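Given next are the chains, with one letter for each unit.
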Amino acid sequence: MLIRWNGQPFASTDVSDPVTKLAYQTLQQGKSILGLAHKEVSTRLMELVAPDASSSTVAVPPEMISALRTSMDALVELDWKEAQEGLYSTSLLFDAPWLDWVTRYPLVWLDLPAIWQRRSRRDVRDLPNDINPQAYPDYYLQNFHHQTDGYLSDRSAELYDLQVEILFNGTADAMRRRVIAPLLEGLRSQAPQAAHPRILDVATGTGRTLRQLRGALPDAQLVGLDLSTAYLRQANRWLSELPGELPQLVQGNGEDLPFADNTMQAVTCVFLLHELPGEARQKVINEAWRVMEPGGVLVLADSVQLKDSPEFSPAMENFRRVFHEPFYRDYITDDINERLGNAGFEQISALSYFMTRVWSCRKPSVIS
Ligand SMILES: C[S@@+](CC[C@H](N)C(=O)[O-])C[C@H]1O[C@@H](n2cnc3c(N)ncnc32)[C@H](O)[C@@H]1O
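The structure reproduced in this document is the subject of the present report.

1. Overview of helix H3 (residues 98-121)
Quick reminder: α-helices carry 3.6 residues per turn. Residues three or four places apart thus point the same way. Relative to the 34 Å expected for 24 residues at 1.5 Å per residue, H3 spans 34 Å between its end C-alpha atoms, a close match to the ideal helical length. Along its length, H3 shows its largest kink, about 35°, at Arg104, and proline Pro106 lies within four residues downstream of that point. Of the positions making up H3, those classed as buried are Ile115, Trp116 and Arg119. Where H3 ends, the next residue or the one after it, Arg122, has phi of about 55°, a positive value.

What follows is the structure in structure tokens.
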């Protein structure tokens, strides 16, 4: 199979290339072990030197660990399969800023004492002094997952990708790539098909989802929006390494998108919903509907929820207890299908992959 990168032949792999597949599986296993080891050692250290910072957690049954392992293996298998089917380049499976991460890893450790101090003080609004609080919604002005500076500094943006990679045991990009198949399907079914579809990624952060989309859609016009200029700066650094057209990066609020009606063929939004209060969640979905052309596709990806993955409820409960995620409890019981329906979307479907649920839906071609 000929793998293309930005429209150019990139590499040729046999569909049954066992060596590349083994390399990918080994890479994922290695990342998983490193992620688990990091969390185990850092938690032990925190309990030792900053016991006040620890949170009580619920017991995790062994069956859940084995179910997590099985669904993570299924995610890796599906990721490999979709790359082999040509949905995106196999090179994406190995894509990561390795050198950057190796050099930044010590900074993740150096940041821990400050995080433990904030956790001990139960301080979740420790943000840089130079920000203008009026420029952001109040719910945003917090240290989500105890992130130093919240989302509001270059230092935070520089560490974010590595921290997320550790949190998800190396599966963050594989989970983000789950938006690609429903996105491609939605774009394919549009008539007329756009040669350069305009795709907006809401809450793009450091642009990892845009990077995955570029690997699947070399000719698309990509737009990323986020409230954090620091995260957009980091996104710009990563994305400008890629060949081809640079995605447009826009600072703004997903609740009030700075784009005209009916101007996007597709909208994606990854790992945002659980960080929003319910009302803001609905506004973001309504705005996606507004800016999308009739017939457009919306793909959302976020944490699994209690209803679809009850077997992982201890993991969801511990995530909420250990990390500062003020809206997560509300999110995991929220009815996203209903919110999508309220906004006017139809053909709503959802599937879960490991710890991520992906919703896909369409704006009707004919609006009554
Ligand atoms: C958990 S991160 C996810 C980032 C990215 N989508 C990813 O997959 O890594 C949440 C992101 O949402 C952004 N965000 C939060 N509330 C927002 C809002 N109302 N409008 C736009 N971006 C927002 C944050 O700045 C942050 O970059």
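2. Some remarks on the packing of helix H4 (residues 154-167) against helix H8 (residues 229-239)
At a minimum axis separation of 8 Å, H4 and H8 run at an interaxial angle of 55°. For the element pair H4 / H8, the angle class is oblique. The element H4 and its partner H8 pack so that their crossing is right-handed. Side by side, H4 and H8 meet where Asp154, Ser156, Ala157 and Glu158 of the first sit next to Ala230, Tyr231, Arg233 and Gln234 of the second. A breakdown of the residues in the contact of H4 with H8 according to their chemical character gives three nonpolar, two polar and three charged.

3. So, the pairing of strand E5 (residues 248-251)
Moving residue by residue along a regular strand, the side chains alternate between the two faces of the sheet. By the bridge criterion, four bridges tie strand E4 (residues 221-226) to E5 in an arrangement that is parallel. If you follow Gly224 over to E5, its bridge partner there is Leu249. Read as a crossover between parallel neighbours, the route from E4 over H8 to E5 is right-handed.

4. Remarks on the site of the ligand
The ligand sits among 20 residues. The nearest are Tyr151, Ala203, Gly205, Ser228 and Gly254. Here the shell around the ligand is built from residues that sort into nine nonpolar, six polar and five charged.

5. Let's talk about helix H2 (residues 62-84)
The end-to-end C-alpha distance of H2 is 33 Å, a good match for the 33 Å that 23 residues give at a rise of 1.5 Å each. Where H2 is buried, its residues touch helix H1 (18-49), helix H5 (172-176) and strand E8 (346-353). Positioned one or two residues after H2, Gly86 has a phi angle of 90°, which is positive.

6. Concerning the nonpolar core
Grouped together as the largest cluster of nonpolar side chains are 78 residues, with contacts concentrated most on Val202, Val267, Cys269, Leu272, Ala288, Leu298 and Leu300. For Cys269, the contacting residues outside a window of four places in its chain are Val202, Ala203, Val284, Ala288 and Leu300.

7. Focus on the environment of Leu152
Residue position: Leu152 is located in the loop between H3 and H4. Take Leu152: there are 24 C-beta atoms within 10 Å of it, and that puts it in the buried class. Note: C-alpha distance between Leu152 and Asn253 (101 residues apart in sequence) is 14 Å. Discounting chain neighbours no more than four positions away, the residues touching Leu152 are Leu127, Pro128, Ile131, Ser228 and Ala230.

8. Quick notes on the pairing of E4
Among the six residues that make up E4, five are buried, leaving the element largely enclosed by the rest of the structure. Strand direction decides the pairing type here: strand E3 (residues 198-202) and E4, joined by five bridges, are parallel. Along E4, the bridge assignment pairs Arg198 with Gln221. Each parallel crossover has a hand, and for E3 linked through helix H7 (residues 208-216) to E4 it is right-handed.

9. Quick look at the environment of Met292
Looking at where Met292 falls in the secondary structure, it is placed in strand E7 (residues 292-303). Residue Met292 is classed as buried on the basis of its 25 C-beta neighbours within 10 Å. In this structure, the C-alpha to C-alpha distance between Met292 and Ser56, residues 236 residues apart in sequence, is 44 Å. For Met292, the contacting residues outside a window of four places in its chain are Asn262, Met264, Val267, Leu298 and Lys363.

Conventions we followed
Residues numbered from 1 in each chain as written. Predicted model: local features only at pLDDT ≥ 70, side-chain atom pairs only at ≥ 80, totals over all residues. Helix = DSSP H or I, 4+ residues; strand = E, 2+ residues; numbered from the N terminus. Expected span 1.5 Å × (residues − 1). Bend = angle between axes of the 7 residues up to and from the residue. Buried ≥ 20, exposed ≤ 12 C-beta atoms within 10 Å, placed from the backbone. Axes fitted to C-alpha atoms, helices over the stretch in contact; angles between N-to-C directions. Parallel < 35°, antiparallel > 145°, perpendicular 65-115°, else oblique. Left-handed = near helix turned anticlockwise from the far one by under 90°. Contact = placed C-beta atoms within 7 Å. Nonpolar A, V, L, I, M, F, W, Y, C, P; charged D, E, K, R; others polar. Pairing = 2+ DSSP bridges. Right-handed = clockwise from strand over helix to strand, strands pointing away. Near = placed C-beta within 6 Å. Core = buried A, V, L, I, M, F, W, Y, C linked by C-beta atoms within 7 Å.

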